[in-house]
Amino acid sequence: MGLIFNIGLLLYFKYFNFFYDGFVGILNIFGATASYSTLSILLPLGISFFSFQTLGYLIDIYDEEIESSDNLLEFSVFVSYFPKILSGPIERASKMMPQVQEKRNFSYPVFVDGLRQILWGLFAKIVIAENCASIVNPIFNDYGNQSGSVLLLGTFFYAIQLYADFSGYSNMAIGISKLFGIQLMRNFSTPFFSTNISDFWRKWHISLTTWMMDYVFTPLSFSLRNYQKKGLIISIITTFVLVGFWHGANWTFVFYGLLHGVYFIPLVYSGKMNTSEIVAKGKFLPSFAELIKMILLFILIMLTDVFFRVNNVSDAFDYIFLIFSNGLFSFPLEVLSSNYLITIVLLCFFILVEWLHREKLHDFEISRYNFLIRWSLYVFIFLLILFFGKSAETFIYFQF
Amino acid sequence: METLTIKENISDVLKSILGHNNFEMRDELTAKDVDGWDSLSHMMIITKIEEAFNIKFKLRDLNKLKNMGSLVAVIQSKI
């Protein structure tokens with residue numbers, strides 16, 4: 001009953017009009033003329049996140065992973081814990097409920113670490129994501145009149161914007177939570193420093209990926225296990241289509257998920273789907289082969305992100321087609337403008353810090369640095385936020 | 001079947017799926033301790049184990065597997 005109730009809420013609030021449109025479209029194909037009007041449904045904030053969290057709670061109880069709580073306050077805190085309610089991470093009951101139930105003691109190192117994560121999250125959102133947005137929005141809003149090289153730049157900056165926006169929120173949510181003594185799971189682990197798509201999804205939106213792996217992929221691949229690699233591929237593609245669909249009731253998201261699922265096929269057949277390592281572990285620079293793999297993967301992801309950004313699938317194909325048909329190798333003079341140059345310099349700093357901390361517990365884990373370096377970085381980042389921060393648009397993931 | 005024999009058979013399955021034997025077959029061993037044993041390779045390992053011991057797992061069995069000791073115990077209960 002609980003599963004039906006929660007999935008029903010999600011389907012009604014988020015997907016009712018999508019399925020209703022599809023149903024009427026099918027009727028029209030078969031010659032029936034159906035007039036209809038969709039409902040004006042106000043989407044409750046964070047519905048995808050608290051639905052998944054509650055579903056996970058119920059499944060874990062059914063699987064005897066945890067015992068049900070008879071304390072309404074504890075359950076309410078778990079479901080609607082304010083730092084993560086709008087954009088996750090999607091927490092597991094088995095990890096979070098004990099933290100809610102037990103008495104928490106103040107820890108100075110954890111508190112300070114939380115503040116560091118909040119600072120880095122703010123920098124990622126207000127400086128990186130918003131400066132990228134100021135480049136991305138004019139390109140995507142008028143993509144038909146842009147050269148291929150500018151369109152390509154648009155995809156590059158959008159991929160960074162999406163990452164900085166969402167990982168920025170996650171870092172802030174995790175950081176704020178640390179101030180209250182509750183450890184939320186890591187949601188991003190420098191995903192662009194990945195060498196294959198499987199590795200990427202182990203580092204991107206980790207809480208959603210692991211949720212889908214545990215509650216969708218595992219049961220599905222278990223039931224299809226006798227089909228070996230074919231069963232695995234069907235399970236992966238189904239899981240990723242649902243990952244896409246989770247983001248919104250739009251075919252663009254379905255395509256986004258489908259493409260990511262399809263990218264796994266070569267890995268499944270080559271037997272390399274399990275390789276997940278920190279790139280250039282213990283070294284300063286990656287090898288040439290690692291660098292090439294990271295760049296190729298990034299290009300693939302940034303082109304796929306076009307489906308995430310535009311309003312319909314045909315726009316996405318148009319955009320990608322125009323990249324390769326309209327002056328791809330022309331020099332984009334726009335990069336010489338101050339807006340581009342400032343953003344590129346800020347981006348270099350952002351990428352450098354992320355690269356240096358790819359083996360750490362989070363992107364700005366600098367507790368081992370000496371006092372002078374730590375405080376110089378705090379002041380420097382604070383000044384960057386002050387001088388180069390832009391008025392924040394709403395977070396991209398708030399719509400989900 | 002002897003615990004030792006079961007472990008040897010599981011070890012053979014892991015080697016054939018993961019392509020290495022960089023693990024020690026102790027009761028506390030978890031998937032996280034073994035390179036390449038993740039959610040994607042897990043089902044292939046489970047299928048091979050089912051074939052090797054001529055048994056069938058239930059999904060609930062899988063969810064309860066915490067380490068090598070519990071895997072051996074589940075297999076023993078099904079042989």
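Sequence order as written defines residue numbering, which begins from 1 separately in each chain. The order in which chains are written sets their letters, starting at A; the order in which ligands are written sets their numbers, starting at 1. Only residues with pLDDT of at least 70 are given local features in this predicted model, and only at 80 or more are side-chain atom pairs given and counted; all residues enter the totals for whole chains, interfaces and linings. Computation of side-chain values: all heavy atoms of the structure, hydrogens and water removed.

Each helix is a run of DSSP H or I of at least 4 residues and each strand a run of E of at least 2, with the numbering of both proceeding from the N terminus. When helices and strands are tallied, chain B shows four helices and zero strands. Across chain B, helices and strands are ordered from the amino to the carboxyl terminus as α-α-α-α. On the principal axes, the C-alpha backbone points of chain B span a range of 25 × 25 × 20 Å. Looking at chain B as a whole, 47% of its 79 residues qualify as buried. Each residue is placed in one exposure class: buried if its accessible area under a 1.4 Å probe, protein chains only, is under 20% of its type's maximum, exposed if it is over 50%, and partly exposed if it falls in between.

So, on to the pattern of salt bridges. A side chain with one charge may pair with a side chain of the opposite charge, provided their charged atoms come close. For this analysis, a salt bridge means a side-chain nitrogen from Lys or Arg found within 4 Å of a carboxyl oxygen belonging to Asp or Glu. This structure, assessed with the given rule, holds 12 salt bridges over all chains. The salt bridge partner of Lys7(B) is Asp27(B), with a shortest N-O separation of 2.8 Å. Taken together, the residues span a long stretch of sequence, with Lys7(B) in helix 1 (residues 3–18) and Asp27(B) in the loop between helix 1 and helix 2 (39–53) at a distance of 20 residues. A relative accessible area of 14% places Lys7(B) in the buried class. Via salt bridges that share partners, Asp113(A), Arg116(A) and Lys178(A) belong to a single interconnected network.

Further remarks concern the packing of helix 1 (residues 2–29) of chain A against helix 9 (residues 228–247) of chain A. Residues and elements named next belong to chain A. Here an axis means a line fitted to C-alpha atoms, over the contact stretch when the element is a helix, while the angle between two N-to-C directions is reported on a 0 to 180 degree scale. Remark: helix 1 packs on helix 9, axes separated minimally by 10 Å, with the N-to-C direction vectors making an angle of 105°. When the axes of helix 1 and helix 9 are compared, the pair comes out roughly perpendicular. Only Phe245, Trp246 and His247 of helix 9 make contact with helix 1, whose side of the interface consists of Lys14, Tyr15, Phe18 and Phe19. Three categories are distinguished: nonpolar for Ala, Val, Leu, Ile, Met, Phe, Trp, Tyr, Cys and Pro, charged for Asp, Glu, Lys and Arg, and polar for the others, with Gly belonging to the last. Of the residues assigned to the contact of helix 1 with helix 9, the class counts are five nonpolar, one polar and one charged. An angle counts as roughly parallel when it lies under 35 degrees, as roughly antiparallel when it exceeds 145, as roughly perpendicular when it falls between 65 and 115, and as oblique in every other case. Contacts between residues were defined by any pair of non-hydrogen atoms, one from each residue, lying within 4.5 Å.

Opposite the 21 residues of chain A that make contact, chain B presents 18 residues. At the junction of chain A with chain B, the criterion picks out one salt bridge. Where Glu50(B) meets Arg225(A), a salt bridge forms, and the shortest distance between an N and an O atom there is 2.7 Å. Going through the elements one at a time, helix 7 (197–203), helix 8 (206–223) and helix 9 of chain A are the ones with two or more residues in the side of chain A that touches chain B. A total of six residues in the side of chain A that touches chain B trace back to one element, the largest contributor, which is helix 8 of chain A.

Okay, helix 14 (residues 338–356) of chain A next. For a helix, the expected span equals 1.5 Å multiplied by the residue count minus one. Relative to the 27 Å expected for 19 residues at 1.5 Å per residue, helix 14 of chain A spans 27 Å between its end C-alpha atoms, a close match to the ideal helical length. Listed in full, the buried residues belonging to helix 14 of chain A are Tyr340(A), Thr343(A), Leu346(A), Leu347(A), Phe349(A), Phe350(A), Val353(A), Glu354(A) and Trp355(A).

Given 3.6 residues per turn, any residue in an α-helix points the same way as the ones three and four places further on. Residues and elements named next belong to chain A. In this model helix 10 (residues 251–263) runs 18 Å from its N-terminal to its C-terminal C-alpha over 13 residues, within 8% of the 18 Å that 1.5 Å per residue would give. Those residues of helix 10 that sit buried are Thr252, Phe253, Val254, Tyr256, Gly257, His260, Gly261 and Tyr263. In this fold, the buried residues of helix 10 make contact with helix 7, helix 9, helix 11 (265–270), helix 12 (288–309) and helix 13 (313–323).

Here the focus is the packing of aromatic side chains. All names here are of chain A. For Phe, Tyr and Trp, rings pair up if their centres lie within 6.5 Å, where Trp contributes its six-membered ring, and each pair is then called stacked (planes under 30 degrees apart), edge-to-face (over 60) or tilted (otherwise). All chains considered together, the criterion is met by 43 aromatic pairs over all chains. Judged by centre distance (5.0 Å) and plane angle (55°), the ring pair of Tyr57 and Phe75 falls under tilted. Linking Tyr57 in helix 2 (residues 47–62) with Phe75 in helix 3 (residues 72–80), this pair joins segments that are 18 residues apart in sequence. Take Phe75: its relative accessible area is 24%, and that puts it in the partly exposed class. Positioned over the ring face of Phe222 is Arg225, at 3.9 Å from the centre of the ring. Here, over-ring charges are defined by two tests on the NZ atom of lysine or the CZ atom of arginine: distance to the ring centre within 6 Å, and angle to the ring normal within 35 degrees.

Attention now moves to unusual backbone geometry. If a residue is not glycine, its phi is most likely negative; likewise, a peptide bond is most likely trans. All names here are of chain A. Backbone geometry at Thr190 places phi at a positive 40°, although glycine is not the residue there. Owing to a relative accessible area of 3%, Thr190 belongs among the buried residues under this scheme. Residue Ala280 is not a glycine yet carries a positive backbone phi of 50°. One can find Ala280 in the loop between helix 11 and helix 12.

This brings us to the environment of Ile79(B). Mapped onto the secondary structure, Ile79(B) falls in the segment after helix 4 (68–78). Residues contacting Ile79(B), with those up to four places away along its chain left out, are Met1(B), Ile6(B), Phe53(B) and Ile55(B).

To continue, consider the environment of Ala93(A). Examined against the element boundaries, Ala93(A) turns out to sit in helix 4 (residues 93–101). Among residues more than four places away in sequence, those in contact with Ala93(A) are Tyr57(A), Asp60(A), Ile66(A), Phe78(A) and Pro98(A).

Attention now goes to the nonpolar core. In this text, buried Ala, Val, Leu, Ile, Met, Phe, Trp, Tyr and Cys residues form a nonpolar core when linked through side-chain atoms within 4.5 Å. Grouped together as the largest cluster of nonpolar side chains are 90 residues, with contacts concentrated most on Phe123(A) and Ile128(A). Setting aside residues no more than four positions away along its own chain, Ile128(A) makes contact with Phe123(A), Ile160(A), Ala164(A), Leu346(A), Leu347(A) and Phe350(A). If you look at the next biggest cluster of nonpolar residues, it comprises 25 residues, including Ile6(B), Leu14(B), Ile46(B) and Phe57(B).

Residue and element names in this part refer to chain A. As a packed pair, helix 2 and helix 3 sit with axes 9 Å apart at the nearest point and diverge in direction by 130°. Our classification of the angle between helix 2 and helix 3 gives oblique. Residues Phe50, Gln53, Thr54 and Tyr57 of helix 2 form the contact with helix 3, whose participating residues are Phe75, Phe78 and Val79. For the contact of helix 2 with helix 3, the residue count by class is five nonpolar, two polar and no charged.

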